[in-house]
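A closer look at the structure
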Amino acid sequence: MSRQAKAAEKRVAMSYEFEDLLNNLQKQKDKSQQQTESQRMQKLNQILTQSMKSFQLNINGNQTTKYEFIKDELDVTTPNTIDNCSIQIFDGINRLKDELDLIDRANAVIDIDSNDPSNLICDLTIKEKSRLTASIGASHDVNSMSQLNGSLSVGIRNLFGNAEKLDLSADLGLGTTNQSSLSLSRRNSNNMFDGGGGGGGGRGGG
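Residues numbered from 1 in each chain as written. Predicted model: local features only at pLDDT ≥ 70, side-chain atom pairs only at ≥ 80, totals over all residues. Heavy atoms only, no water.

Some thoughts on the overall build of the chain
- Helix and strand counts for the chain come out as 3 helices and 10 strands.
- Reading the chain from its N terminus to its C terminus gives the helix and strand order α-β-β-α-β-α-β-β-β-β-β-β-β.
- Total accessible area on the chain is roughly 14,100 Å²; 51% of this is exposed by carbon and sulfur atoms. (Helix = DSSP H or I, 4+ residues; strand = E, 2+ residues; numbered from the N terminus. Areas by Shrake-Rupley, 256 points an atom, 1.4 Å probe, with all protein chains shown as cover.)

In structure tokens form, the structure reads like this:
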């Protein structure tokens, strides 16, 4: 065999050895990543299943909604695992946002108290919705060319900081009886209160 042929054969052998080395390195890397991911999940599971004996809630952004009301809605019970506490916090935020219509958005950060490993701390930041709602409508009676009817509805949400809502509505028109109504309602996960005010009517001038 010529010297050039031997050199070419050697290069081919080295190429195969290098390819095998790369494949082995890739396999080791994949195995290491799988082990790392498994270890991470195992560590996370260990953290989430830790039992907490107490719960501390810190709230920022509640200009109107009362602290105790928000805490009651989150309804975090201890002793409990971090996982279950997290679910209770998430469900409570959804109630405040979707059912009670009090907040636009919320961000919750939970951590274990550095001074007490059995105490879970939640820092909750919320942005409340605007308290005032209003709508105005108008219609025309085809049977009376001069008759114009209007409606006005005004609402105040979270009136006293406990999810109360005050609604005032009025129907106004020329040549018709004017009607108005006032109602106050309150709703939370523990109880519901509905109250209503009387309506008034008066004959408009034609």
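Points about the nonpolar core
- Counting 21 residues, the largest nonpolar core has F55, L57, I70, L74, L96, L102 and L124 as its most contacted members.
- Looking at which element gives the most residues to this core, the answer is helix α3 (residues 82-99), with 5 residues.
- The residues touching L74, leaving out its near neighbours within four places in the chain, are L57, Q88, I89, G92, I93, R95 and L124. (Core = buried A, V, L, I, M, F, W, Y, C linked by side-chain atoms within 4.5 Å. Buried < 20%, exposed > 50% of the residue type's maximum accessible area, 1.4 Å probe, protein only. Contact = heavy atoms within 4.5 Å.)

Some points on the side chain of S118
- Looking at where S118 falls in the secondary structure, it is placed in the loop between β4 (103-112) and β5 (119-128).
- Within the local environment of S118, its side chain forms a polar contact with the side chain of D116, the two groups lying 2.7 Å apart.
- Once residues lying within four places of it in the same chain are set aside, the contact partners of S118 are M52, K53 and S54. (Polar contact = N/O pair within 3.5 Å; in protein donor to acceptor, adjacent residues only side chain to side chain.)

Quick look at α3
- Under the 1.5 Å per step criterion, the end-to-end length of α3 is 25 Å for 18 residues, consistent within 8% with the ideal 26 Å.
- Turning to α3, its buried residues number three or more, namely I82, C85, Q88, I89, G92, I93, R95 and L96. Projected onto a plane normal to the axis of α3, the buried residues spread over an arc of 155° and lie on a single side. Within α3, the exposed residues directed more than 90 degrees away from the buried face are F90 and D98.
- After α3 finishes, the residue D101 shows a positive phi value of roughly 60°. (Expected span 1.5 Å × (residues − 1). Arc of directions from axis to C-beta.)

Looking at helix α2 (residues 67-74)
- Residues of α2 that are buried: F69, I70, E73 and L74. The arc enclosing the buried residues of α2, seen along the axis, measures out at 135°, which places them on a common side.
- Directly after α2, the chain includes D75, whose backbone phi takes a positive value near 50°.

A word on the confidence of the model for the chain
- Of the residues in the chain, 71% have a pLDDT of 70 or more, and the chain-wide mean is 79.
- In the model, residues 201-206 has pLDDT below 50 throughout and makes 14 contacts with residues more than four positions away in sequence or in other chains. (pLDDT = per-residue confidence, 0-100.)

Topic: the pairing of β5
- Most of β5 is tucked away: 7 of the 10 residues are buried.
- Across 7 bridges, the pairing between strand β2 (residues 54-60) and β5 is parallel. Bridging across to β5, F55 finds its partner in L120.
- As paired elements, β4 and β5 share 9 bridges and run antiparallel to each other. By the bridge assignment for β5, R105 is matched with K127.
- Counted along the chain from β4 to the antiparallel partner β5, the turn is 6 residues long. (Pairing = 2+ DSSP bridges.)

Observations concerning the sheet that holds β5
- Taken in spatial order, the 3 strands line up as β2-β5-β4 in an open sheet, and their pairing is mixed. Each edge of the open sheet is held by one strand with a lone partner, namely β2 and β4. Adjacent strand axes in the sheet meet at a mean angle of 20°, parallel and antiparallel pairs treated alike.
- Running at roughly 130° to β2, α2 makes contact with β2 and β5 of the sheet. (Axes fitted to C-alpha atoms, helices over the stretch in contact; angles between N-to-C directions.)

Brief notes about the packing of α2 against α3
- At a minimum axis separation of 7 Å, α2 and α3 run at an interaxial angle of 120°. The angle between α2 and α3 falls in the class oblique. Listed contacts from α3 to F69, I70, E73 and L74 of α2 are Q88, I89, G92, I93, R95 and L96.
- Grouping the amino acids of the contact of α2 with α3 by side-chain chemistry returns 6 nonpolar, 2 polar and 2 charged. (Parallel < 35°, antiparallel > 145°, perpendicular 65-115°, else oblique. Nonpolar A, V, L, I, M, F, W, Y, C, P; charged D, E, K, R; others polar.)

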